[in-house]
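Structural overview
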Amino acid sequence: MYTVGLTGGIASGKSTVADLFAQHGVTIIDADIVAREVILPGESAYKTIVAYFGNDIIGNDGTVDRAKLRQIVFTHPEKRIWLEKLLHPLIRDKMIAYSREAISPYCIHVIPLLIETLPHPEINRILMVDVSVETQIKRLRERDHLDEIMINKMLQAQISRVERLDHADDILMNEGHLDALADSVKKLHGKYFQLAIT
Ligand SMILES: Nc1ncnc2c1ncn2[C@@H]1O[C@H](COP(=O)(O)OP(=O)(O)OP(=O)(O)O)[C@@H](O)[C@H]1O
Ligand SMILES: [Mg+2]
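What counts and how
- Residues numbered from 1 in each chain as written.
- Chains lettered and ligands numbered in written order.
- Predicted model: local features only at pLDDT ≥ 70, side-chain atom pairs only at ≥ 80, totals over all residues.
- Helix = DSSP H or I, 4+ residues; strand = E, 2+ residues; numbered from the N terminus.
- Rg over C-alpha atoms; globule rule 2.2 N^0.38 Å.
- Domains from an automatic or database assignment.
- Contact = placed C-beta atoms within 7 Å.
- Expected span 1.5 Å × (residues − 1).
- Buried ≥ 20, exposed ≤ 12 C-beta atoms within 10 Å, placed from the backbone.
- Pairing = 2+ DSSP bridges.
- Near = placed C-beta within 6 Å.
- Nonpolar A, V, L, I, M, F, W, Y, C, P; charged D, E, K, R; others polar.
- Axes fitted to C-alpha atoms, helices over the stretch in contact; angles between N-to-C directions.
- Parallel < 35°, antiparallel > 145°, perpendicular 65-115°, else oblique.
- Left-handed = near helix turned anticlockwise from the far one by under 90°.
- Core = buried A, V, L, I, M, F, W, Y, C linked by C-beta atoms within 7 Å.

A closer look at the overall build of the protein chain
In terms of helices and strands, the protein chain carries nine helices and five strands. Ordering the α and β elements of the protein chain from the N terminus gives β-α-β-α-α-α-α-β-β-α-α-α-β-α. For 198 residues, the compact-globule estimate of 2.2 N^0.38 gives 16 Å, and the protein chain sits close to it at 18 Å. Along the longest, intermediate and shortest principal axes, the C-alpha atoms of the protein chain span 50 × 40 × 30 Å.

Here it is, written out as structure tokens:
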């Protein structure tokens, strides 16, 4: 299955772009959604995580308390590395499995940390949604009502725009109107369709 990896910084417009491709019938597989699936009770990773972090990590509804988990790994880098080593291969395998079931000519994997987690042999082409840091901050503030300190922390935790641009095969500038974005997506869809069938 020809696979496009869609990435970009926080609030750059990844979900917006993914929705636009979905309107052309393209199958979208979202790493954030799959990351939630692989830790559900009944999955092997659930037991492994509870064994490592203790029963305190289980929320009232019996699932892994993701907010608590995020907080722990934010302050304990070695625990974050342990967790990523466990989850990344599981997430990748499940995304590849979903791709095999897809009936569209190509599919899109939405992976916020795509560049941070290279190499990705399952990805044929990298599409980056790009906005200026100013726009990123503005949209993040409007969407999530975050303060400047939190926004700066989140931006600093990611690789830079320049590094991301360096790895991108295609770039979608998302500074303008949504209509312009939809036009660019339509053009790219035509390109990916051709690449997928040749
Ligand atoms: N061209 C645009 N013009 C105006 N607003 C936009 C545009 N593109 C996206 N937005 C808005 O910016 C915000 C961020 O977009 P979106 O949620 O698609 O980004 P994201 O990259 O998926 O974010 P996250 O990293 O949190 O998953 C949303 O509120 C969205 O509606
Ligand atoms: Mg999103």
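Re the domain arrangement of the protein chain
By convention, interface size is frequently given as the accessible area that disappears when the constituent parts associate. Domain assignment breaks the protein chain into domain 1 (1-26 + 106-198) and domain 2 (34-103). Using C-alpha coordinates to define each centre, domain 1 is positioned 24 Å away from domain 2. Facing the six residues of domain 1 at the interface are seven residues of domain 2.

Section: helix H6 (residues 133-144)
Taking 1.5 Å per residue as the helical rise, H6 with its 12 residues ought to reach 16 Å, and the 16 Å between its terminal C-alpha atoms agrees with that figure. At the exit of H6 stands histidine 145, carrying a positive phi of roughly 50 degrees.

Some details on the pairing of strand E1 (residues 2-8)
Counting buried positions over the seven residues of E1 gives six, a clear majority of the element. Sheet topology places E1 next to strand E3 (residues 106-110); five bridges connect them, and they run parallel. Note on E3: the bridge partner recorded for threonine 3 is cysteine 107. As defined by bridge partners, E1 adjoins strand E4 (residues 125-130) across five bridges and the pair is classed as parallel. Paired with valine 4 across the two strands is arginine 125, which belongs to E4.

Some thoughts on the site of ligand 1
The environment of ligand 1 is formed by 14 residues, the closest being Lys14, Ser15, Thr16, Arg139 and Arg143. The biggest single contributor to the shell around ligand 1 is helix H1 (residues 14-22), with three residues. Here the shell around ligand 1 is built from residues that sort into five nonpolar, six polar and three charged.

Points about the environment of glutamine 23
Take glutamine 23: it is sitting in the loop between H1 and strand E2 (27-30). Using a count of 11 C-beta atoms within 10 Å as the deciding quantity, one classes glutamine 23 as exposed. Taking the C-alpha atoms as reference points, glutamine 23 and alanine 182, 159 residues apart in sequence, are found 9.9 Å from one another.

A short note on the packing of H1 against helix H9 (residues 178-197)
At a minimum axis separation of 10 Å, H1 and H9 run at an interaxial angle of 55 degrees. By the angle between their directions, the pair H1 and H9 is classed as oblique. The two elements H1 and H9 cross, and the hand of that crossing is right-handed. Contacts between H1 and H9 involve Thr16, Val17, Leu20 and Phe21 from the former and Leu181, Ala182, Val185 and His189 from the latter.

Observations regarding the pairing of E4
Taken together, the four bridges between E4 and strand E5 (residues 170-173) define a ladder with parallel strand orientation. Paired with aspartate 130 across the bridge in E5 is methionine 173.

Quick look at the nonpolar core
Val4, Leu6, Val17, Phe21, Ala31, Ile108 and Leu127 are the most contacted members of the largest nonpolar core, which totals 26 residues. Both domain 1 (1-26 + 106-198) and domain 2 (34-103) contribute no fewer than three residues apiece to this core. Apart from the residues lying within four places of it in its own chain, the contact partners of alanine 31 are Ile91, Met95, His109, Val110, Ile111 and Pro112.

Section: the environment of glutamate 37
Looking at where glutamate 37 falls in the secondary structure, it is placed in helix H2 (residues 31-37). We classify glutamate 37 as partly exposed; it has 13 C-beta atoms within 10 Å. Here the alpha-carbon distance between glutamate 37 and isoleucine 91, two residues 54 residues apart in the chain, equals 8.6 Å.

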